[in-house]
Amino acid sequence: MPITLLWAVDVYGRVYSLSTASERWERADDTLLELKRVSAGKGRCWGIGCDHHVYLNIMPSETPIRYREETYENQRWNPVDGFTDVLLPTDRWPWSDVTGLNPQPLHSFQLPSRSWEWEGDWYVDQSCSGEPSETGSWEYAVDFPANFSPDKKWNSCVRRRRWIRYRRYVAPGSWAKIPLENIRKTPLPLCDICCGGWEMSDQSGRYPYLWGVSQQGQVWFREGIHPRVPEGISWEEVDVPKEVAQLSAGPGDLLWAVLWDGNSWFGLASAWTARLAHHGLNVVWVVTKDYKVWFRRGVNSHNPCGSGWISIGGEMMMVNVGLNDQVWAVGEDRGLYFRLGVTPFEPSGNGWIPISAQWGNKKVGSQRDDQQTEASQGSVVSCTDSDSELGSNTLTKDTPQNAPRPFIPASDSFINSLVSDRDKTSAAQPSILEVSQEDTPDPSPAPVLLTPDDASRDLPWSNVDLEGAEAARSAQAAGSSLEDSSKSVLALENPQREGEEDGPVWAWISGGGCDVDAESKVSWLSPTGVLTSSFSLTPVQSAAWSEEHERREATKRKPLERSHSIWVRKGTLRWWRDWKPQRWVDVSVALEQSTKPDGKKDSIFFVYYTQYDEKKYLQVFINEITALVPVIRDCYYAFAVYTAQRTKQRWPLVLAAQTEKDLNDWVSLLSECCCECRGISSSPIPGNCHPCDLMFWRQVPGHLRCVESNSLGLVWGVGWDGTAWVYSLPEDAAEMHQQTDVRNVYVYENQRWNPMTGYTDKGLPTDRPMWSDESGLKECTKSTTHPPSPQWSWVSEWAVDYNVPGGTDKEGWQYAADFPVTFHGHKTMKDFVRRRRWIRKCKIVLRAPWQQSRVEHVPLWAISEKGDVLCRLGVSPQNPAGSSWLHVGTDQPFKSVSIGGANQVWAIAKDGSVFYRGSVSPQNPAGECWYHIPSPPRQTLKQLSVGRTSVFAVDENSNLWYRQGLTPSYPQGSAWELISNNVSKVSVGPLDQVWTIAEGVPGFPLESPGAICHRVGVGPMQPKGHSWDFGIGGGWEHITIRGNSAEAPRTNPVPSGSPRSQDLSASRIWTMAVLWVCSRLPSGFIFYT
């Protein structure tokens, strides 16, 4: 770790430095130097002296700081004297700069300050354009200002040569005064100074910038700072719309300010007045006038205003953010503190620790045992939140109220004097003496001066809303009791001036040049004694350790209120920009999670991107996310983020990761944060059912082809290999089971017959590819076909599949007259094309809350791969796997079965015929016989679902049908009625609620097929409903609402005139539901809501 310095100033202006390799404070060599405040950067420190001059201290280095001064000697040729310094009136100066516009004789060069000295005299540069010259270093040209070259030609009428002189900076390691260049343009006396900007994205020099604030509120910028010119050249005024009191420049390209009236530059709140602000690369810390510490979340170059204020425990006089966003502070006890645990993932840290370095023969930290007065010994270590004591400071009982207190000057005391001087009508200000809140009337809100539009139109300043912090402060201050408001805090008192032997009383600290982080092993940052943690304990600690111990024991018996903490996860992803030009964009993402004092968590997901060299960002509140769905997009590992608004607009936020591991990590992390924000437990439980676009969908580990649930909370699933699984409701990750699934991957070999060679792979130009998928639209060869996703692995080689619907010949071929006519298994005279299917098996293995028992763990009624109808016996909540299978006889193979209320069993045969199973009861679970039900005219049904009193079915043309006339005495119904089209799957719940998978969303032709929607208006008087409510889309294949078992309470009705009143009035019938879906993606993801 490199050796760097921490700088600090005491209340008497003495400057100290503390090295990371030492344990002792070192005072500046200049004992007469008195500074008000300092601002450190990498390898340097700036300061403001009591004489209003700016001082600079450069750390010694092995590489000296040298600056080259240069000037050019110009001559012209004439026929009499040859080349001479007698030039034409229109020529440049005899001694000038490289442009020839400015005269620069040798005697005009002066040292800029006493910190420089000449290394030698002037000498001629013997090189021309970096190469040795044989012509005396002269460069020739036809005329000024033509191009010069070292070669003299017959028409060379002018020449020049360069003179060089070096000066060296001789004041490293000491404080050097910056001279005033121009008295007229010199800034008025400065009250604040800050340096930063050495990590700006558009800067290659990596050197700092310097900003200053005058006592009149003007902002000044130091021009010309360079590694070879550390002092800079001149001051330039920066236009600002309001008077500034304090500036903070971080290492990046952000600049924050505090106004003279105490309001933050980036936000106006009359009751929440900032005293000091400081920020780093991605953080902003603020101290208010009541010494409360606040942290601004979400700050970076894309979002310079941030996203919200967080209260931090502890009361500080000032804070400073140094390298690596580490935080340093001066406490109310005038001790120095360091924020423990600040990392890129937790920028707010987790506690304050004192800086315990040696001074003389004793350590100097936050405790001053020999100088504590009775007021400090009687101060109480607060155990309340940092927002609960705003303005509640009172005098201690041992100190008379009218007794004057000695005044210790602070580095910013002249600022307070200037503020008081401006208010001539106000009464004389007391010293630091605290006054009880009971005797102090509530201050009236200060008027907020809005910036005129014409004054701020061209200024690069923006406001940050501080109303959130003001509201939190007001709410907690209003709720605090009189006893809490009467608690006293430390009143700084020192009856005698401290000498150097007593140790410094700190007023300012700057860690901008101290390179430490949370993992650094620095001796003076080791926690010693009583630490001020994040439990909102103030850094004021009593000198009487016995009393402190008693107070700590009493505190342990009381519940502590935790302060806020911030956790950040950052990374890089690719974002699909879905406006023209549509393309993938590399973005940076950040997930910020804040933990409130009551333990609740609030998270925001940021996406930072650049458009036309302008930094922008998107933000998604985690509590607004409704689904995180993995999608297939351009062969990327992508996932879509849905919110209620984005679901309505069919505009999900699509992000892609570089690897599958990164995708799973981000999806798991975001899903976990969503569950924490909503208080969702690890197991699916029934909850309030909202409109379709407001539901939160949670992914369940596992891989299935379809799932079903019942009203008792049992969930079943069937994998692609026909294996049945039952959900095991795990309470923790240790109860996960190994789940496997095997899936078949098919490719088709196509051939056409010709009279010369017979069947061959040479087809017509209009034919399908000779190796394709089943549809023939996509070319698929055995070498280019891969498993559905990287989670799958091959478990067999390619082989001819003889189990093809329609049959095959001995070689596995199927024949037809042409593509794409129906194929059959025998050749005829009219068959000119043939195909055969190749099969290869792939397998996936993962851990999920699903248990397998081979053929035992299946739903109550099931259909095997061969079309056999099976009934499971002995299924109960205590034995969800059941005991045995019972085969139900049929005349033909079946393809769909559904069980509804009152033991209604409906099924569809493979030829589309509909059947009803009669006499099914708990005593006779398999029933007695099948009753044939006529199908809709000229339609072939493929799937149906039975509810309590209704039956819905879907045909092969994606039409949805409703069975009319169902009664207890005539359960077969009377006729089919067409309800809707554009439906691929339907599920009817025990309360007759209807959910479907739609092929598309009306009005959104680019929406991928497989959108979830439910039927609105379904009720006892209108079992068919009246409209559709569309939810998230993106490739859903299976849905079940059969886990619903309880009706909603009929309290708190929604007004009919409010938005979505029709949706909510209908949803009261089917609240308390668990909805399960399966994605049609190859990975077969399982979700529930």
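Residues numbered from 1 in each chain as written. Predicted model: local features only at pLDDT ≥ 70, side-chain atom pairs only at ≥ 80, totals over all residues. Heavy atoms only, no water.

Note the cut-off: UniProt positions are given in the numbering used here, feature names are shortened, and annotations may be inferred rather than shown by experiment.
For the protein, an unreviewed UniProt entry supplies the name Tectonin beta-propeller repeat-containing protein 1 and the organism Mugilogobius chulae. Comment text from UniProt for the protein, heading Sequence similarities (unreviewed entry), reads "Belongs to the TECPR1 family."

Topic: the confidence of the model for the protein
To keep things clear, this is the line we draw: Per-residue confidence from the predictor is reported as pLDDT, which spans 0 to 100. The contact rule is simple, with two residues in contact once any of their heavy atoms fall within 4.5 Å.
Averaged over all residues, the pLDDT of the protein equals 75, while 72% of them reach at least 70. Here residues 529-546 scores under 50 on pLDDT; set against residues more than four positions off or in separate chains, the count is 67 contacts. With pLDDT under 50 throughout, residues 854-859 is counted as low confidence; its partners more than four residues away or in other chains account for 21 contacts.

Side note on helix α8 (residues 660-678)
Operational definition: Only DSSP runs of H or I reaching four residues or more are called helices, and only runs of E reaching two or more are called strands; each is numbered from the N terminus. Every helix has an expected span of 1.5 Å times one less than the residues it contains. For each residue, the accessible area found with a 1.4 Å probe, counting protein chains only, is set against the maximum for its type, and the residue is called buried under 20%, exposed over 50%, and partly exposed in between.
Counted at 1.5 Å a residue, the expected span for α8 with its 19 residues is 27 Å, and the 27 Å between its end C-alpha atoms agrees. For α8, every residue scored as buried is listed here: Glu660, Leu663, Trp666, Val667, Leu669, Leu670, Ser671, Cys673, Cys674 and Cys675. Directly after α8, the chain includes Gly679, whose backbone phi takes a positive value near 70°.

A word on empty space enclosed by the protein
As a reminder, the rule being used: Residues are called lining when one of their atoms sits within 4 Å of a cavity or pocket point, these points coming from a 1 Å grid over the protein atoms alone, where a cavity is a set in which a 1.4 Å probe fits but cannot get out and a pocket is an open set with protein on both sides within 12 Å along at least five of seven lines. Grid points are joined across faces, edges and corners, and a volume is the space filled by probe spheres set on the points. For this classification, the nonpolar set comprises Ala, Val, Leu, Ile, Met, Phe, Trp, Tyr, Cys and Pro, the charged set comprises Asp, Glu, Lys and Arg, and every other residue, Gly included, is treated as polar.
Applying the stated criterion across every chain yields a total of 7 cavities of 30 Å³ or more. Roughly 90 Å³ of internal volume is contained in the second largest cavity. As for the second largest cavity, its lining consists of 17 residues, and the residues nearest its centre are Trp198, Ala249, His278, Val321 and Gly512. Broken down by secondary-structure element, the contributors of at least two residues to the lining of the second largest cavity are β4 (35-41), β17 (190-196), β23 (274-279) and β26 (308-321). Residues belonging to the lining of the second largest cavity are distributed by class as follows: 7 nonpolar, 10 polar and no charged.

What to know about the pairing of strand β24 (residues 284-288)
Counted only if it meets this: The rule for pairing is simple: two strands pair if DSSP sees at least two bridges between them.
Among the 5 residues of β24, 5 are classified as buried, and the element is accordingly described as predominantly covered. On β24, burial covers both faces: Val284, Val286 and Thr288 on one face and Trp285 and Val287 on the other are all buried. Strand direction decides the pairing type here: β24 and strand β25 (residues 292-297), joined by 4 bridges, are antiparallel. Looking across to β25, one finds that Val284 is bridged to Arg296. Where β24 folds back on β25, the antiparallel hairpin that results is connected by 3 residues, among which Tyr291 adopts a positive phi of roughly 70°.

Some thoughts on the pattern of salt bridges
Here is the rule: A side-chain nitrogen of Lys or Arg and a carboxyl oxygen of Asp or Glu constitute a salt bridge if their distance falls within 4 Å.
Evaluation of the coordinates by the stated rule reveals 23 salt bridges. Of the charged contacts, one joins Arg76 and Asp143 as a salt bridge, the two residues approaching to 2.6 Å between their closest N and O atoms. In this pair, Arg76 is assigned in strand β7 (residues 66-78) and Asp143 in the loop between β14 (139-141) and β15 (158-169), connecting sequence segments 67 residues apart. For Arg76, a relative accessible area of 11% corresponds to the buried category. The exposure class assigned to Asp143 is partly exposed, which follows from its relative accessible area of 33%.

With respect to the nonpolar core
The criterion, for reference: Remark: nonpolar core denotes a set of buried residues (Ala, Val, Leu, Ile, Met, Phe, Trp, Tyr, Cys) joined through side-chain atoms within 4.5 Å.
The biggest cluster of nonpolar side chains holds 53 residues, and the ones touching the most others in it are Trp25 and Ile355. Within the second largest apolar cluster, 27 residues are counted, among which are Tyr609, Phe639, Cys674 and Phe696.

Concerning the UniProt feature "domain: Peroxin/Ferlin" (unreviewed entry) in the protein
Under the local residue numbering, the UniProt record ascribes the feature "domain: Peroxin/Ferlin" (unreviewed entry) to residues 64-125, 137-170, 740-801 and 812-845. Annotated as 0% helix and 44% strand, the span residues 137-170 places its first and last C-alpha atoms 31 Å apart. In residues 812-845, helix accounts for 0% and strand for 50%; the two terminal C-alpha atoms are 31 Å from one another.

Let's talk about the sheet that holds strand β57 (residues 905-909)
Quick note on the threshold: Note on definitions: angles span 0 to 180 degrees between N-to-C directions of axes, and those axes are lines fitted to C-alpha atoms, for helices only across the stretch in contact.
Taken together, the 4 strands give an open sheet; going across it, the order is β56-β57-β58-β59, and neighbouring strands pair in antiparallel fashion. In the strand order of this sheet, the two ends are held by β56 (894-899) and β59 (929-933), each with one partner. Along the sheet, successive strands turn relative to each other by an average axial angle of 25°, direction set aside.

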